[in-house]
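Spelled out, the chains give:
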Amino acid sequence: MIAVQFEVANQRYAIDVADIVEVVPVVELRPVPGAAAGVVGILRYHGTFVPVLDLSQLLAETPAPRLLSTRLMILRVTRSG
């Protein structure tokens, strides 16, 4: 398995590259009124609206800083069951 490794609140995590569709720079997101904590907005990706989650907010309760190097991972999600 090849994975992309990243860090949130000094903890390392990895995502299998087979689940990553694309890595894109941070863009302007549409807000989602009343969304759960960690949902920072939606992104229009090739004609489809995709929810954007802030893992730092979800895992460490601190929003991720917006840096020039910050990227969004578009992930392939499958439903089980």
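Cut-offs applied
- Residues numbered from 1 in each chain as written.
- Predicted model: local features only at pLDDT ≥ 70, side-chain atom pairs only at ≥ 80, totals over all residues.
- Heavy atoms only, no water.
- Helix = DSSP H or I, 4+ residues; strand = E, 2+ residues; numbered from the N terminus.
- Contact = heavy atoms within 4.5 Å.
- 1 Å grid on protein atoms, 1.4 Å probe; cavity = no way out; pocket = protein on both sides within 12 Å on 5 of 7 lines; lining within 4 Å.
- Points joined across faces, edges and corners; volume = space filled by probe spheres on them.
- Nonpolar A, V, L, I, M, F, W, Y, C, P; charged D, E, K, R; others polar.

Draft legend 1. View of the side chain of Ser56. With respect to the helices and strands, the residue Ser56 is situated in helix H1 (residues 55–60). Setting aside anything within four residues of it in sequence, one finds Ser56 in contact with Val8, Glu61, Thr62, Pro63 and Ala64.

Draft legend 2. Summary view of the layout of surface pockets. In this structure, the largest pocket encloses a volume near 980 Å³. Residue lining of the largest pocket: 32 residues in total, with Leu53, Asp54, Leu55, Arg71 and Leu72 positioned closest to the centre. When residues of the lining of the largest pocket are traced back to their parent elements, those giving at least two are strand E1 (3–8), strand E4 (39–45), strand E5 (48–53), H1 and strand E6 (71–75). Looking at side-chain class alone, the lining of the largest pocket contains 23 nonpolar, five polar and four charged residues.

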